[in-house]
Amino acid sequence: MVYISLLSFVLGSSMAQGQQDSLKTLLNKHLPASQHLAVLEKLIDATRYEDRPQSLAYGKQAYRYTGQENEPGIKAKGRELLGIAFFANFEYDSALRYLKEGLDLADGVPQHNENIYWYIGEAFWFSGRFDSALVYHTKGQASALETKNLTLLATLTINIADYYRQTGNFDKALDIYWEGIAYAMQDPSGSVLPKAYNNTALLFGYLGDTYTELNYYFKAIEAAEKPGNGRFLGLFYANVAEAYTTLGDYPKALKYAAIGIEKSKATNQLRYLMSTYEMMGIMYLNMDSLAQARASFEESIRLNEQVKDKRFVARNLGNMGDLEKQVKNYPKAIRYYEEAIVAQDQIAEKKFKIEDLMGLAQTYFEQGNLAAA
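What counts and how
Residues numbered from 1 in each chain as written. Predicted model: local features only at pLDDT ≥ 70, side-chain atom pairs only at ≥ 80, totals over all residues. Heavy atoms only, no water. Helix = DSSP H or I, 4+ residues; strand = E, 2+ residues; numbered from the N terminus. Buried < 20%, exposed > 50% of the residue type's maximum accessible area, 1.4 Å probe, protein only. Contact = heavy atoms within 4.5 Å. Areas by Shrake-Rupley, 256 points an atom, 1.4 Å probe, with all protein chains shown as cover. Salt bridge = Lys/Arg side-chain N within 4 Å of Asp/Glu carboxyl O.

Enquirer: Could you give an account of the overall build of the protein, naming the residues involved and the relevant values?
Expert: Within the protein one finds 19 helices and zero strands. Residue burial in the protein is summarised as follows: out of 373 residues, 53% are buried. Here the analysis covers contacts within the protein between residues at least 6 apart in sequence; of these, 56% occur between residues at least 24 apart. Surface summary for the protein: the accessible area is close to 16700 Å², and the carbon and sulfur share equals 53%.

Enquirer: Quick rundown of the pattern of salt bridges? Include the residues and the values.
Expert: Taken as a whole and judged by the stated rule, the model has nine salt bridges. Across the pair Glu299 and Arg302 runs a salt bridge, and its minimum N-O distance is 2.6 Å. Of this pair, Glu299 and Arg302 both sit in helix 16 (residues 290–307), three residues apart, which is roughly one turn of that helix. Taking relative accessible area as the criterion, Arg302 reaches 40% and is therefore assigned partly exposed. Residues joined in a network through salt bridges with shared partners are Glu41, Lys77 and Glu80.

Enquirer: Report on unusual backbone geometry, specifying residues and quantitative values.
Expert: Located in the positive-phi region is Asn268, a residue other than glycine, with phi close to 55 degrees. Looking at the element boundaries, Asn268 is found in the loop between helix 14 (250–266) and helix 15 (270–286). The backbone of Lys328 sits at a positive phi, close to 65 degrees, despite the residue not being glycine. Assessed through its relative accessible area of 57%, Lys328 is described here as exposed.

Here you go:
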């Protein structure tokens, strides 16, 4: 009973280093398998941003621990945890392999399945396979609705709206965002509301309504200031900066971008940091500060070598095309645009493909190749 009480205390608290040490001590005790895995799950969550290799080591430990178990649910949990750890380390194909194994073993257990559906959908999403992501997010949404898991229901509803935004069905996306915001507002944890506001803001940006976009970004920041939501702040401030860039207000854009970088570094959010540097490159390009634009794009590309987000591979190719066009290095610009368009075709992200096609056409026009333009 002592071990169970300590476990309950640690799992219910924020993960300071001392609490991590207490959890690691529990791994040496003779806990029931479900509690042993609960400890490992918490340790994976605690290290997934600050020490990703350690999170993977915990995932592998969970997998090894369940190797001799006969209970399907326990074996499934071990595979799920290893899949989550691979996901945290941006190894999406490995994540999908173990998450799908866990899903097969846990078939028929909604509370278990819905979590795996979400992670499988996320792994497909970040590897650029949007249609597959939609399939699993939709399955997870149906399961979360059945189990009344409002946090997951709100998350997956927003993810489904993201799919329709990314693939150009803006009217449908907006309807689903309103639905996701409603679920997020009902969720007592408040953990999904920042994402719901932020992603709705992105859609208004796509629609060209920058002032409404900014309004929703500031709603997202306000919701993210609450305890437990701080890891999102770097992204939200970066998005505010991007909106001010669209309005041509570069002093405000630079101010919020700097805050975004500071917040993302403080919380070890490589993906958000990468996004901020990409946005700063666009800002400097608009300001005709070409050396700073190049440095920002190159830093975004460098970070994406770790994050392995195929969407940003495509976007950064297009950004480099914009840069080379602006310095009138047309052969390089054409090569970058053509590579970006091929990459966009692989992930079906229409908005950026259109921008790259326009950039390519403009490059040919400036070259004097009117037929190609």
